[in-house]
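# A look at the structure
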Amino acid sequence: MAKIKLEYIWLDGYEPTQNLRSKTKVEEHENFKGTLEELGNWSFDGSSTKQAEGGSSDCLLVPVAIYPDPTRINGYLVMSEVMYADGTPHPSNGRATIDDEDDDFWFGFEQEYFIMDTKTLLPLGFPVGGYPAPQGMYYCSVGGKNTHGRKLVEEHADLCIAAGINFEGINQEVACGQWEFQLFAKGAKKAGDEIWVARYLLDRLTEKYGYYIEYHPKPLGDTDWNGSGMHANFSNEVLRTCGDQATYERICEAFRPVTAEHIAVYGAYNDQRLTGKHETASIHDFSYGVSDRGCSIRIPLMTVQKGWKGWLEDRRPASNGDPYKIAARIIKTVKSAL
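Please read these numbers as outputs of a predicted model, since none were measured by experiment.

## Description of the overall build of the protein chain
Within the protein chain, the secondary structure is distributed over 7 helices and 13 strands. Computed over C-alpha atoms, the radius of gyration of the protein chain comes to 20 Å, within 12% of the 20 Å expected from 2.2 N^0.38 for 338 residues, which places it in the range of a compact globule. Seen through its C-alpha atoms, the protein chain measures out along the principal axes to roughly 55 × 55 × 40 Å. Going through the 338 residues of the protein chain one by one, you find that 54% of them count as buried. Counting contacts in the protein chain only where the partners sit at least 6 residues apart, residues at least 24 apart contribute 66% of the total. Counting 35 positive and 48 negative side-chain charges, the protein chain places the centres of these two groups 3 Å from one another.

Quick look at the structure:
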């Protein structure tokens with residue numbers, strides 16, 4: 001028999017942006033294989049996370065994905081959905097709203113973020129009381145003059161890969177102290193699970209560096225610094241195989257009348273980022289175009305070159321958005337066009 005550490009992870013009920021929560025259950029197992037079937041449900045005090053009242057505070061944690069925890073001996077990360085005691089989904093549970101039971105939809109998320117210093121409360125590379133050199137030399141840079149935080153970013157990549165997450169890349173972004181990682185998954189729920197677990201690993205890693213991660217889409221305010229997004233690349237069988245420009249345009253047009261519904265779940269304070277500047281479309285407009293990063297939805301050039309077989313990129317989601325809710329809304333809109 002071995003002692004197994006199970007880190008149950010869930011999303012709380014805070015608004016407008018939910019937070020990650022977690023706690024550890026230590027169990028004895030013989031020949032533990034790391035599967036969902038070996039796990040039981042757990043509970044937590046929902047009155048402490050804005051998910052229940054004190055008089056009836058128990059909420060259920062139902063495991064939906066499990067990954068080895070590369071920082072612990074006999075440790076596992078258990079992504080969980082929040083349910084009421086009767087087993088119905090809690091309103092904070094965005095995963096339960098995804099209509100993709102057959103994993104027809106594939107998602108690739110590009111998660112941007114700023115690394116912040118807990119002492120200065122500024123992005124790495126920012127001097128106290130001033131600004132570093134303007135944007136231009138930070139994007140995909142190398143060298144100590146323009147690159148800040150690489151040690152943490154590289155360690156995070158290694159942790160995600162060791163955990164079995166389909167981690168696809170990293171790069172420093174346009175602003176000083178800003179980075180991005182990319183994930184891809186076949187199945188909207190799996191894509192959301194992996195983004196949240198990757199965020200969890202990143203947030204936990206900052207504890208030993210004296211940093212924290214800022215997911216706000218415009219943390220530097222109304223300045224000439226880029227904000228942070230979480231571009232959503234998506235496809236289904238139709239987009240991957242149709243070979244028809246008219247079908248692509250019909251799907252893109254289906255997004256136009258539900259622009260407000262998308263913006264509502266694409267992350268709080270996104271109006272500060274979607275200004276029509278810094279490679280964004282205005283939050284008040286909807287547009288799409290081939291290879292156009294100033295549009296709401298970009299049709300990748302590779303998709304066109306392959307004869308209109310590929311994917312689309314919604315560039316509007318904010319860095320603090322919930323990938324579950326974003327995927328659920330995109331799927332609903334695409335299905336309405338088919």
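That covers the picture; the talk isn't over yet.
## Here we look at the nonpolar core
One broad rule of soluble globular proteins: the nonpolar side chains tend to lie buried together. Counting 61 residues, the largest nonpolar core has Phe107, Tyr113, Ile165, Leu201, Leu312 and Ile330 as its most contacted members. Among the elements that make up this core, the one with the highest residue count is helix α2 (residues 188-205) (10 residues). Excluding residues that lie within four positions of it along the chain, Leu201 makes contacts with Leu77, His156, Leu159, Cys160, Ala163 and Ile165. Grouped together as the second largest cluster of nonpolar side chains are 13 residues, Leu6, Tyr8, Phe32 and Tyr76 included.

## Points about empty space enclosed by the protein
In the structure shown here, the tally under the stated rule is 2 cavities of 30 Å³ or more. What the largest cavity holds in volume is close to 70 Å³. Of the residues forming the lining of the largest cavity, the biggest block, 4 residues, is contributed by strand β5 (residues 75-83). Within the lining of the largest cavity, the residues separate by chemical class into 4 nonpolar, 4 polar and 2 charged.

## Digging into the pairing of strand β10 (residues 230-235)
For β10, the buried fraction is high: 6 of the 6 residues fall into the buried class. Where strand β6 (residues 106-117) and β10 come together, 6 bridges link them in antiparallel fashion. Bridged to Trp106 within β10 is Ser235.

## A few points about the UniProt feature "domain: GS catalytic" (unreviewed entry) in the protein chain
Per the UniProt record, the feature "domain: GS catalytic" (unreviewed entry) sits at residues 89-338. End-to-end, the C-alpha atoms of residues 89-338 are 28 Å apart, and along that stretch the chain is 29% helix and 18% strand.

## A closer look at the packing of aromatic side chains
Applying the stated criterion across every chain, the model contains 16 aromatic pairs. Consider the rings of Tyr8 and Trp42, whose centres lie 5.1 Å apart with planes at 65 degrees: the pair is edge-to-face. With Tyr8 in strand β1 (residues 2-11) and Trp42 in strand β3 (residues 42-45), this residue pair connects regions lying 34 residues apart in the sequence. Tyr8 sits in the buried class, given a relative accessible area of 0%. With 4.9 Å between their ring centres and 70 degrees between their planes, Phe32 and Tyr76 make a pair best called edge-to-face. Separated by 44 residues along the polypeptide, Phe32 in the loop between β2 (20-29) and β3 and Tyr76 in strand β5 bring together distant segments of the chain. A single burial state applies to Phe32 and to Tyr76, both of which are buried. Through a chain of ring-to-ring contacts, the aromatic side chains of Phe107, Phe109, Phe234 and Phe255 assemble into a single cluster. Directly above the ring of Trp42 sits Lys23, whose terminal nitrogen or CZ lies 4.1 Å from the centroid.

## Examining helix α4 (residues 245-255)
Those residues of α4 that fall on the buried side of the exposure criterion are Thr247, Tyr248, Ile251, Cys252, Ala254 and Phe255. Down the axis of α4, the sector holding all buried residues measures 155 degrees, keeping them to one side.

## A short note on the state of the cysteines
Across all of its chains, the model carries 0 disulfides by this definition. There is no disulfide at Cys295, and the cysteine sulfur nearest it, in Cys252, is 9.4 Å away.

## Quick word on the environment of Glu7
Among the secondary structure elements, Glu7 is positioned in strand β1. Taking relative accessible area as the criterion, Glu7 reaches 5% and is therefore assigned buried. When the C-alpha positions of Glu7 and Lys23 are compared, they lie 5.6 Å apart, and in sequence the two are 16 residues distant. Not counting the four nearest positions on each side in its chain, Glu7 is found in contact with Ser22, Lys23, Thr24, Arg72, Tyr76, Leu77, Val78 and Tyr200.

## Things to note about unusual backbone geometry
Following Glu15, the chain continues to Pro16 via a peptide bond in cis, the omega torsion being 5 degrees. Structurally, Pro16 is set in the loop between β1 and β2. With a phi angle near 60 degrees, Asn31 is a residue other than glycine that sits in the positive phi range. For Asn31, the location among the structural elements is in the loop between β2 and β3. By relative accessible area, Asn31 is classed as exposed at 60%. The phi dihedral of Trp308 is positive, around 60 degrees, even though this residue is not glycine. In this structure, Trp308 sits in the loop between α6 (301-305) and β13 (312-314). Judged by its relative accessible area of 13%, Trp308 falls in the buried class.

Thresholds applied
- Residues numbered from 1 in each chain as written.
- Predicted model: local features only at pLDDT ≥ 70, side-chain atom pairs only at ≥ 80, totals over all residues.
- Heavy atoms only, no water.
- Helix = DSSP H or I, 4+ residues; strand = E, 2+ residues; numbered from the N terminus.
- Rg over C-alpha atoms; globule rule 2.2 N^0.38 Å.
- Buried < 20%, exposed > 50% of the residue type's maximum accessible area, 1.4 Å probe, protein only.
- Contact = heavy atoms within 4.5 Å.
- Lys, Arg positive; Asp, Glu negative; His and termini not counted.
- Charge placed at Lys NZ, Arg CZ, Asp CG, Glu CD.
- Core = buried A, V, L, I, M, F, W, Y, C linked by side-chain atoms within 4.5 Å.
- 1 Å grid on protein atoms, 1.4 Å probe; cavity = no way out; pocket = protein on both sides within 12 Å on 5 of 7 lines; lining within 4 Å.
- Points joined across faces, edges and corners; volume = space filled by probe spheres on them.
- Nonpolar A, V, L, I, M, F, W, Y, C, P; charged D, E, K, R; others polar.
- Pairing = 2+ DSSP bridges.
- UniProt positions renumbered as here; feature names shortened; annotations may be inferred.
- Phe/Tyr/Trp six-rings, centres within 6.5 Å; stacked < 30°, edge-to-face > 60°.
- Lys NZ or Arg CZ within 6 Å of the ring centre and 35° of its normal.
- Arc of directions from axis to C-beta.
- Disulfide = S-S within 2.5 Å.

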